[in-house]
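# Remarks on the overall topology
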Amino acid sequence: MMALGIGLGIFVFLFSGAFISEVILHNKDAGAFPGLVLGIWAAWPFFHQARVQRYNFLHPVPKQYKVPARIAFAMIRDFLAEVSYNFGDKWHVVTADTQSGRVTANLRFTDEHTHFEADARGHIHTRKERLQRFIGLEVQVKAISNDSVIVQFDFCPKVEGANFAACDSIVSGVANAVESALGPGVQTGNPADTTLSAPPWWLIGLSALALIGLLGDVIKAVFS
């Protein structure tokens, strides 16, 4: 979704900037800023959708399970204590409070990333680098009856480099593993709404500046 927004934004920027500069005003510099603002307007809905979808992924809707709270709590705590990734990277359980039903944990690991780069002669070489990954996790287990519980996950990943989805497989793996252990769950709320909201003030301000600048260029083109 975000890649589509970036691609569309670049296309609108280049097309509208060139159209304003070459066709309307015949001034090669006049369309750059208005084209940039139009490109941002074109990309903004896709960025909004991607941001909300990302939020729903990292903060899924709490689910209700037909499992006693103490059993659900123990299963989640034991899973985090036992599961490992790569060559032995494990969750560090910081808090496991049976009274509040709160579990906090974090996972640190490194990924080896290979990328291509050119030397001074134009030859392409590969270079490997190790990038740090971190996931913070908070789980809230709340009993609603003797045999039912609500479980809520909140993930907070941090990554080096540009691969923002580097931890996504682990995030989804934890959620799926808990779902498999506790049985099918029922959502107890609604995910964040992806409906397009009002545009941000900074974008409205940029649009006003672009219109003022464009009006000035039009006046210059008419009276020059």
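The structure this text deals with has already been given above.
Predicted model only: the values in this text are computed from it and were never measured.

## Observations regarding helix α2 (residues 32-58)
- Across its 27 residues, α2 extends 37 Å between first and last C-alpha, which sits within 8% of the 39 Å expected from 1.5 Å per residue.
- In α2, a bend of some 35° at Ala-43 exceeds every other bend along the element, and Pro-45, a proline, comes one to four places later.
- Among all positions of α2, only Pro-34, Gly-35, Val-37, Gly-39, Ala-42, Ala-43, Trp-44, His-48, Ala-50, Val-52, Asn-56 and Leu-58 are buried.

## Some details on the environment of Val-186
- Residue position: Val-186 is located in strand β8 (residues 186-187).
- Sequence separation between Val-186 and Ile-150 is 36 residues; the distance between their C-alpha atoms is 9.1 Å.
- Excluding residues that lie within four positions of it along the chain, Val-186 makes contacts with Pro-62, Lys-63 and Gln-64.

## Quick notes on the side chain of His-48
- Structurally, the position occupied by His-48 is in helix α2.
- Residue His-48 is classed as buried on the basis of its relative accessible area, which comes to 7%.

## Concerning the packing of aromatic side chains
- The final tally for this structure, using the stated rule, is four aromatic pairs.
- Their ring planes at 15° and their centres at 6.2 Å tell us that Phe-15 and Phe-19 sit as a pair that is stacked. In this pair, Phe-15 and Phe-19 are both assigned in helix α1 (residues 2-24), four residues apart and thus about one turn of the helix distant.
- When its relative accessible area of 53% is taken as the criterion, Phe-15 is described as exposed.
- The exposure class of Phe-19 is partly exposed, given its relative accessible area of 39%.
- For the ring pair Phe-153 and Phe-155, a centre distance of 5.9 Å and an interplane angle of 10° mean the geometry is stacked.
- Looking at Phe-155, the relative accessible area reads 3%, which means it is buried.

## Structural notes on the environment of Ile-20
- Looking at the secondary structure, you find Ile-20 in helix α1.
- Apart from residues lying up to four places away in sequence, Ile-20 is in contact with Leu-25, His-26, Ala-30, Gly-31, Pro-34 and Leu-214.

## Some words on helix α3 (residues 69-82)
- The end-to-end C-alpha distance of α3 is 20 Å, a good match for the 20 Å that 14 residues give at a rise of 1.5 Å each.
- Burial in α3 covers these residues: Ala-69, Ala-72, Phe-73, Ile-76 and Leu-80. The arc that holds the buried residues of α3, viewed along the axis, is 100°, so those residues lie on one side. The exposed residues of α3 that point more than 90 degrees off its buried face are Arg-70 and Glu-82.

## Describing the side chain of Arg-133
- Along the chain, Arg-133 falls in strand β6 (residues 124-145).
- In this view, Arg-133 contacts Leu-107, Arg-108, Phe-109, Asp-111, Lys-158, Val-159, Glu-160, Ala-166 and Cys-167; residues no more than four positions away in its chain are not counted.

## Remarks on the pattern of salt bridges
- Applying the stated criterion across every chain yields a total of six salt bridges.
- The salt bridge partner of Asp-168 is Arg-54, with a shortest N-O separation of 2.8 Å. With Asp-168 in helix α4 (residues 168-182) and Arg-54 in helix α2, this pair connects stretches of sequence that are 114 residues apart.
- According to the relative accessible area criterion, Asp-168 is buried, its value standing at 18%.
- The class of Arg-54 is partly exposed, set by a relative accessible area of 26%.
- The salt bridge partner of Asp-147 is Lys-66, with a shortest N-O separation of 3.3 Å. Here Lys-66 lies in the loop between β1 (63-65) and α3 and Asp-147 lies in the loop between β6 and β7 (148-159), a separation of 81 residues in the sequence.
- By relative accessible area, Lys-66 is classed as exposed at 61%.

Reading guide: rules and limits
- Residues numbered from 1 in each chain as written.
- Predicted model: local features only at pLDDT ≥ 70, side-chain atom pairs only at ≥ 80, totals over all residues.
- Heavy atoms only, no water.
- Helix = DSSP H or I, 4+ residues; strand = E, 2+ residues; numbered from the N terminus.
- Expected span 1.5 Å × (residues − 1).
- Bend = angle between axes of the 7 residues up to and from the residue.
- Buried < 20%, exposed > 50% of the residue type's maximum accessible area, 1.4 Å probe, protein only.
- Contact = heavy atoms within 4.5 Å.
- Phe/Tyr/Trp six-rings, centres within 6.5 Å; stacked < 30°, edge-to-face > 60°.
- Arc of directions from axis to C-beta.
- Salt bridge = Lys/Arg side-chain N within 4 Å of Asp/Glu carboxyl O.

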